[in-house]
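Survey of secondary and tertiary structure
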Amino acid sequence: MSGGRSARVRAAVHQAVKDLFTDEAGELTIPVVASRAGVHATTVYRRWGSVGELLADVATSRFSGDIVVPDTGTLRGDLERYASDLAKDLCDPDTLALVRATIGTGGEQGAAACRGERQRQLEAILEREQARGRERPTLERTTDAVLAPLYYRAVFTDEPLTSEWAYGLVSHLLPDEGSAATADESSAAKASDSASGDLLAE
């Protein structure tokens, strides 16, 4: 298959998958996708092999560069914008249907297709913070604190993905400096009171 025709087939098949999700056409199969795309089912099987591989390819294409990595000047601001934008994206019914189907049929390959670009965006945010000369959490910790809860709530629950809830994820990852200072002061005061009590007891 020539490069130009190959690209046209890929675009047609990808669009067919998206249209079928939009139409809520029921079970997604290779023959159904091929019919909607106007190509032979053997062509689709030869290129993707299975529905899982096809959906992983569609998801990889769909999530590549669709969210601009924010640059607000602070890590907190960047992560809040990132989390809020991702929450809004996952609230889109077609996007959510694609994510659920890709993870459901593609297993780890599907999960990797859905999270790969998102994780690279997080990595870019953290690297920028490091370039600012500031300390930052690890990618693993940030993924567990921000990315994982967003996907879990979207895919496995019916709970709303609000910006306020997304901001809360960032607050748990990056406790407010003012609160931390207050906590330190409180601890110091308790230690001072304890020491005074010991002196009085003597």
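Numbering of residues starts from 1 in each chain and follows the order in which that chain's sequence is written. Since the coordinates come from a predicted model, pLDDT governs what is reported: local features require at least 70, and pairs of side-chain atoms require 80 or more to be given and counted, while whole-chain, interface and lining totals use all residues. For side-chain calculations, the full set of non-hydrogen atoms in the structure is used, while hydrogens and water are omitted.

This part covers the pattern of salt bridges. A pairing counts as a salt bridge when a side-chain nitrogen of Lys or Arg comes within 4 Å of a carboxyl oxygen of Asp or Glu. Throughout the structure, instances matching the rule amount to 12 salt bridges. Between Arg128 and Asp71 there is a salt bridge, with the nearest N and O atoms lying 3.8 Å from each other. Here Asp71 lies in the loop between α4 (51–62) and α5 (75–91) and Arg128 lies in helix α6 (residues 93–131), a separation of 57 residues in the sequence. One salt bridge in this structure joins Glu129 and Arg134, with 3.7 Å as the shortest N-O distance. A helix here means a DSSP run of H or I that spans at least four residues, while a strand means a run of E at least two residues long, and both kinds are numbered starting from the N terminus.

Our focus in this paragraph is the packing of aromatic side chains. Think of a pair of aromatic rings as described by two things: how far the centres are apart, and how the planes are tilted against each other in angle. Any Phe, Tyr or Trp ring, taking Trp's six-membered ring, that has another such ring centre within 6.5 Å forms a pair; planes under 30 degrees apart are called stacked, those over 60 apart edge-to-face, and the others tilted. Applying the stated rule across the entire model yields one aromatic pair. Over the aromatic face of Trp165 sits the side chain of Arg153, whose NZ or CZ is 4.0 Å from the ring centroid. Only lysine NZ and arginine CZ atoms are considered, and such an atom sits over a ring when it is within 6 Å of the ring centre and within 35 degrees of the ring normal.

Summary of the burial criterion: residues with accessible area below 20% of their type's maximum are buried, those above 50% are exposed, and those between are partly exposed, where the area comes from a 1.4 Å probe applied to protein chains only. Among the residues making up helix α2 (residues 30–37), those that are buried are Ile30, Val33, Ala34 and Ala37. Looking straight down α2, one finds that the buried residues subtend no more than 100 degrees of arc, so they occupy a single side. Among the residues trailing α2, Gly38 stands out with phi positive, at a value near 80 degrees. Our arc is simply the arc of the directions from the helix axis toward the C-beta atoms.

Attention now moves to the packing of α5 against helix α7 (residues 139–156). Simply put, an axis is a line fit to the C-alpha atoms, just over the touching stretch for a helix, and the angle between two N-to-C directions goes from 0 to 180 degrees. As a packed pair, α5 and α7 sit with axes 10 Å apart at the nearest point and diverge in direction by 15 degrees. Of the possible angle classes, the one that applies to α5 and α7 is roughly parallel. In terms of crossing hand, the pair formed by α5 and α7 is right-handed. Across the interface between the two elements, Leu79, Tyr82, Ala83, Leu86, Ala87 and Leu90 of α5 pack against Thr142, Val146, Leu147, Leu150, Tyr151 and Ala154 of α7. Any residue outside Ala, Val, Leu, Ile, Met, Phe, Trp, Tyr, Cys, Pro, Asp, Glu, Lys and Arg is labelled polar, Gly included; the first ten of those are nonpolar and the last four are charged. By residue class, the composition of the contact of α5 with α7 is 11 nonpolar, one polar and no charged. Here roughly perpendicular refers to angles of 65 to 115 degrees, roughly parallel to angles under 35, roughly antiparallel to angles over 145, and oblique to all remaining angles. Put simply, a crossing is left-handed when the front helix is turned counterclockwise from the back one by less than a right angle, and right-handed when it is turned clockwise. What makes two residues a contact is simply this: any of their non-hydrogen atoms within 4.5 Å.

For the rest of this paragraph, the subject is the confidence of the model for the protein. In this model, the protein carries a mean pLDDT of 85, and residues with pLDDT of at least 70 account for 84%. Scored between 0 and 100, pLDDT is the confidence that the predictor attaches to each residue. Within the protein, the lowest mean pLDDT, 42, falls on helix α9 (residues 177–201), and the highest, 97, falls on helix α8 (residues 163–173). Below pLDDT 50 for its whole length, residues 178–202 participates in zero contacts with residues either more than four positions away or in separate chains.

Right, let's talk about the nonpolar core for a bit. Counting residues in hydrophobic clusters, the biggest one holds 48 residues, and the most contacted among them are Leu54 and Leu150. Secondary structure elements with two or more residues in this core: α1 (3–23), α2, α3 (41–48), α4, α5, α6, α7 and α8. Of all the elements, α6 adds the most residues to this core, at nine residues. Nine residue types can take part in a nonpolar core, namely buried Ala, Val, Leu, Ile, Met, Phe, Trp, Tyr and Cys, and a core is a set of them joined through side-chain atoms within 4.5 Å.

This next bit is on the side chain of His14. With respect to the secondary-structure elements, His14 resides in helix α1. By relative accessible area, His14 is classed as buried at 5%. Discounting chain neighbours no more than four positions away, the residues touching His14 are Trp48, Asp57, Val58 and Ser61.

Okay, α8 next. Inspection of α8 places Ser163, Ala166, Leu169, Val170 and Leu173 among the buried residues, and these make up the whole buried set. The buried residues of α8 occupy an angular sector of 115 degrees when projected down its axis, which confines them to one face. Exposed and facing more than 90 degrees away from the buried side of α8 are Glu164 and His172. Where α8 is buried, its residues meet α5 and α7.

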